[in-house]
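# Structural overview for review
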Amino acid sequence: MDILVAGGHGKIALRLLKLLADEGHTARGLIRSPDQAADLEAVGAVAVIGDLENDKTLDEYVRGADAVVFAAGGGPGSGDERKRTVDLGGAVKLADAAVATGVRRYVLISSIGVESPDSLGGSMSAYLRAKGEADDYVRGTGLDYTIVRPGGLTDDPGTGLVTASLELGGRASIPRDDVAAVLAHVLTTPSAIGLTFELFGGETPIRAAIDALA
Ligand SMILES: NC(=O)c1ccc[n+]([C@@H]2O[C@H](COP(=O)([O-])OP(=O)(O)OC[C@H]3O[C@@H](n4cnc5c(N)ncnc54)[C@H](OP(=O)(O)O)[C@@H]3O)[C@@H](O)[C@H]2O)c1
């Protein structure tokens, strides 16, 4: 498959691109800074230079892909404005490009807490609202989506063991390695289409955890 990962230099994205390239896929990462291209090439991925906020459309990057993944984020230091332009606007622009170019499959990294954005206050509310609106938008496109809502991300080594749940409201952490492995798995798993699920570190091998949701 040809897979375009938006936010291609992110911590999850680089892990995902490596897994996809190792599996023989054409793993393309959309980055806004050409300086980051070497890091993508080092994991076997192809760097595509483009900007989720400043490019009018993403059609030229998405065209020809079999699937797209939204792994970008304004980051914890970003203000409310960038939550709208990256976390919401970037995800929307990627969905619009998928629709415009006939790419059916869209995997979105969302977050826990989206269903109650005001429970945490401050900039977290703006972040969770932006993520929630992005989820709703992607669901409304008719694309073959999967929305993955991980708990707090850590850089601990992956275990290959997770808890995946359709019931929302959980709270726990998960290594970025394991989120990347789940994303790689759902991209090639048709039964994951149409699912929105929370994801934490756990006890169940990834394939079995995702199979149990369908
Ligand atoms: N932290 C948590 O505990 C947590 C929990 C649940 C979900 N999440 C979500 O998980 C996702 C991935 O997390 P992560 O830690 O892997 O993210 P990350 O390392 O912060 O990566 C985010 C990437 O988005 C890119 N980006 C920002 N603005 C862009 C633009 N205009 N055009 C293109 N790329 C742009 C950044 O590139 P630059 O280097 O150019 O800025 C960066 O590489 C995010 O969506 C985050 O919201 C996080």
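Residues numbered from 1 in each chain as written. Predicted model: local features only at pLDDT ≥ 70, side-chain atom pairs only at ≥ 80, totals over all residues. Heavy atoms only, no water.

Here we come to the sheet that holds strand β4 (residues 67-70). What the 9 strands build is an open sheet, ordered β3-β2-β1-β4-β5-β6-β10-β8-β11; its pairing is mixed. Strand pairing shows two members of the sheet lacking a second neighbour, β3 (46-49) and β11 (204-205), which therefore form its edges. Note: strand β2 (residues 26-31) against β3, 4 bridges, orientation parallel. Among the inter-strand pairings, Ile31 is bridged to a residue of β3, identified as Ile49. Lying on the sheet, helix α4 (residues 80-101) is in contact with β1 (2-6), β4 and β5 (105-109); it crosses β4 at an angle near 175°. Packing against the sheet, helix α5 (residues 122-140) makes contact with β4, β5, β6 (144-150) and β10 (196-201), and its axis sits at approximately 160° to β6. (Pairing = 2+ DSSP bridges. Helix = DSSP H or I, 4+ residues; strand = E, 2+ residues; numbered from the N terminus. Contact = heavy atoms within 4.5 Å. Axes fitted to C-alpha atoms, helices over the stretch in contact; angles between N-to-C directions.)

Looking at the protein chain, the pLDDT average stands at 97 and 100% of residues meet or exceed 70. The least confident element of the protein chain is α5, whose mean pLDDT is 94; the most confident is β4, at 99. (pLDDT = per-residue confidence, 0-100.)

What follows covers the pattern of salt bridges. Per the counting criterion, the structure on display carries 12 salt bridges. Taking the shortest distance from any N to any O, the salt bridge between Asp135 and Arg149 comes out at 2.8 Å. Of this pair, Asp135 sits in helix α5 while Arg149 sits in strand β6, placing them 14 residues apart in sequence. Pair check on accessibility: Asp135 and Arg149 agree, each one buried. Counted as one network, the salt bridges with shared partners bring together Arg15, Asp155, Arg176 and Asp177. (Salt bridge = Lys/Arg side-chain N within 4 Å of Asp/Glu carboxyl O. Buried < 20%, exposed > 50% of the residue type's maximum accessible area, 1.4 Å probe, protein only.)

Let us now look at the site of the ligand. Around the ligand there are 25 residues in total, and Ile12, Arg32, Glu53, Ala72 and Tyr127 lie nearest to it. The side chain of Arg32 places a nitrogen or oxygen atom 2.6 Å from an oxygen atom of the ligand. Within the side chain of Asp51, an N or O atom sits 2.9 Å from a nitrogen atom of the ligand. In isolation the ligand has 940 Å² of accessible area, and contact with the protein removes 81% of it. Elements with a minimum of two residues in the shell around the ligand: α1 (11-22), α4, α5 and β7 (152-154). (Near = heavy atom within 4 Å. Polar contact = N/O pair within 3.5 Å; in protein donor to acceptor, adjacent residues only side chain to side chain. Areas by Shrake-Rupley, 256 points an atom, 1.4 Å probe, with all protein chains shown as cover.)

Mapped onto this numbering, the UniProt entry gives "domain: NAD(P)-binding" (unreviewed entry) at residues 7-190. Along residues 7-190, the helical share is 41% and the strand share 20%, with 24 Å between the first and last C-alpha atoms. (UniProt positions renumbered as here; feature names shortened; annotations may be inferred.)

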